[in-house]
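# Examination of the molecular architecture
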Amino acid sequence: MGANIGTTVTCAIVSLAHMGRRDEFEKAFAVAGCHDFFNILAVMVLLPLELMTGYLQSIARFLSTLVVGIGGFTYESPFKALLDVGFTPIQSSAEAMFDADWGQAFFLVGISAALIFLALWLIVGLMRSLVISRIETAVSSALGSNALVAMAIGIIVTVMVQSSSITTSIMIPLAAAGILRLEQAFPITIGANIGTTITAMGAALAVSGVNALAGIEIALVHLFFNLSGAILIYPVKRIRQLPLQAARILAATAVKSRKLALFYVATMFYGFPALLIYGMQFFK
C-alpha cells in the first residue's frame, strides 16, 4: 500500500517541469495529484477493512494454493549487462573518493537521483514533441468515450513497460497541452495501478522453493488491493469525484504558490514517510 502511494512521486516530479507555464502546470499537477489522492483514498478505505477482515490475505492465500508448483522461471534482462558496464566505473569512483561506506552510499544515491531526473526531463521533452503530431488528439478522444477502454489501455501499456510511473508520466505533458483532460486521465491511472502488479507477479513466479508460495501471496495481495480500489472508488460518481476535486484544489493552490507545490512533493513523499519511520524507531 505504501509502494502504491510512493510510486506517484514520479508523476509529481514530471509535472514540476511545467512550472514555468502557469496554465500547463495547473493541468499537469492536477493529473499528478489525482494519482496521489486515488491511492491515498484506497489505502484509507482498504487498510482498515483488511485489518478487520483480512480479506486480501485470505483471497491471496486461497489462490496461491492453486498455483503451487508453478515457478522457478528465469529471465535474463538484456539491459542488465549494459547497466553493469556503466555502473562499475561509477562504483569505483565512489570507492576512491570516500573511505566510509555511508559516503559511498550518499554519492551513489546522488548519481542515481540525477540520472532519474535526467530521464524524466527527456521523457517530458519527447512527449512534448509527439504532441505536435496531433496523433494524441485522436487517441485521447477514443479514451474519453469509454472508461473501461481507458483502463484497459492503462493496464496494457503498463504491462508492456512494467512501470505505472512511465504510463502516468506520459500523460502529464499531454494533460499540460490540454489534449488529455483530468477525467480522461483518471481511468488510465487506475488501469496503470492494476497493470503494474505484473512486475510482482513475474518476480514471484521466478522464485522456487520454500519462499515461492509467500511471494505469490504478496503479488496477489498487490493485485487484489488495486482491483478493490478500482471497484470501490470509480463506479460511484460521488466517490470518484473525491480524488478529482482534491487534485483540482491542490493544483489551483500550487499555481498560486509554486513553493507550496515543492513543499507538497517534499513533505508528502519524503518528509512524512521519514517522520513516520523516525517516530517508529523513537517509540521502540
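Structure's up top.
A brief report on the enclosed structure follows. Just so we're clear, the structure is a prediction, and the values are computed from it rather than from any experiment.

Analysis parameters
- Residues numbered from 1 in each chain as written.
- Predicted model: local features only at pLDDT ≥ 70, side-chain atom pairs only at ≥ 80, totals over all residues.
- Heavy atoms only, no water.
- Helix = DSSP H or I, 4+ residues; strand = E, 2+ residues; numbered from the N terminus.
- Buried < 20%, exposed > 50% of the residue type's maximum accessible area, 1.4 Å probe, protein only.
- Contact = heavy atoms within 4.5 Å.
- Areas by Shrake-Rupley, 256 points an atom, 1.4 Å probe, with all protein chains shown as cover.
- Axes fitted to C-alpha atoms, helices over the stretch in contact; angles between N-to-C directions.
- Parallel < 35°, antiparallel > 145°, perpendicular 65-115°, else oblique.
- Left-handed = near helix turned anticlockwise from the far one by under 90°.
- Phe/Tyr/Trp six-rings, centres within 6.5 Å; stacked < 30°, edge-to-face > 60°.
- Lys NZ or Arg CZ within 6 Å of the ring centre and 35° of its normal.
- Salt bridge = Lys/Arg side-chain N within 4 Å of Asp/Glu carboxyl O.
- Polar contact = N/O pair within 3.5 Å; in protein donor to acceptor, adjacent residues only side chain to side chain.
- Patch = residues over 30% accessible without salt bridge, like charges linked within 9 Å, V, L, I, M, F, W, Y side chains within 5 Å.

### Digging into the overall build of the protein chain
Within the protein chain one finds 14 helices and zero strands. Each helix (α) and strand (β) of the protein chain, taken in turn from the N terminus, gives the series α-α-α-α-α-α-α-α-α-α-α-α-α-α. Taking all 284 residues of the protein chain together, 38% fall into the buried category. Put simply, 78% of the contacts in the protein chain that link residues at least 6 apart link residues at least 24 apart. With the model as given, the accessible surface of the protein chain reaches about 16,200 Å², and the carbon-plus-sulfur share is 72%.

### Observations regarding the packing of helix H10 (residues 182–195) against helix H13 (residues 237–256)
Contact geometry for H10 and H13: axes closest at 11 Å, N-to-C directions at 120 degrees. One finds that H10 runs oblique with respect to H13. H13 is crossed by H10, and the crossing has right-handed handedness. Contacts between H10 and H13 pair Leu182, Glu183 and Phe186 from the former with Arg240, Pro243, Leu244 and Arg248 from the latter.

### Some points on the packing of aromatic side chains
One pass over the full model with this rule turns up five aromatic pairs. Between phenylalanine 25 and phenylalanine 29, the ring centres sit 5.2 Å apart and the planes meet at 40 degrees, which makes this aromatic pair tilted. Separated by four residues within a single helix, phenylalanine 25 and phenylalanine 29 lie in helix H3 (residues 22–53), roughly one turn from each other. Grouping residues by exposure puts phenylalanine 25 and phenylalanine 29 together as buried. Taking 5.7 Å as the distance between ring centres and 80 degrees as the angle between the ring planes, the aromatic pair formed by phenylalanine 38 and phenylalanine 186 counts as edge-to-face. Separated by 148 residues along the polypeptide, phenylalanine 38 in helix H3 and phenylalanine 186 in helix H10 bring together distant segments of the chain. With relative accessibility at 2%, the residue phenylalanine 38 sits in the buried group. One aromatic cluster in this structure is built from Phe25, Phe29, Tyr264 and Phe269. Taking NZ or CZ as reference, arginine 240 lies 4.8 Å from the ring centre of tyrosine 234, over its face.

### Some thoughts on the pattern of salt bridges
Evaluated as defined, the whole model comprises four salt bridges. The salt bridge involving arginine 181 is made with glutamate 183; its shortest N-O contact spans 3.3 Å. With relative accessibility at 46%, the residue arginine 181 sits in the partly exposed group. Residue classification places glutamate 183 among the partly exposed positions, given a relative accessible area of 33%. Here the salt bridges share partners, and the residues they tie into one network are Arg181, Glu183 and Arg248.

### Looking at the side chain of threonine 158
Topologically, threonine 158 is positioned in helix H8 (residues 147–161). Of the residues examined, threonine 158 reaches a relative accessible area of 0% and is grouped as buried. In this structure the side chain of threonine 158 is engaged in a polar contact, spanning 2.9 Å, whose partner is the side chain of threonine 167. Once you skip the residues sitting within four places of it in the chain, threonine 158 turns out to touch Ser163, Ser164, Thr167, Ala192, Gly195 and Thr196.

### Description of a nonpolar patch on the surface
A cluster of nonpolar residues, Met44, Val45, Leu49, Met52 and Leu232, forms a patch on the protein surface that exposes about 490 Å² of accessible area. If you tally residues by element for the nonpolar patch, the top one is H3, at four residues.

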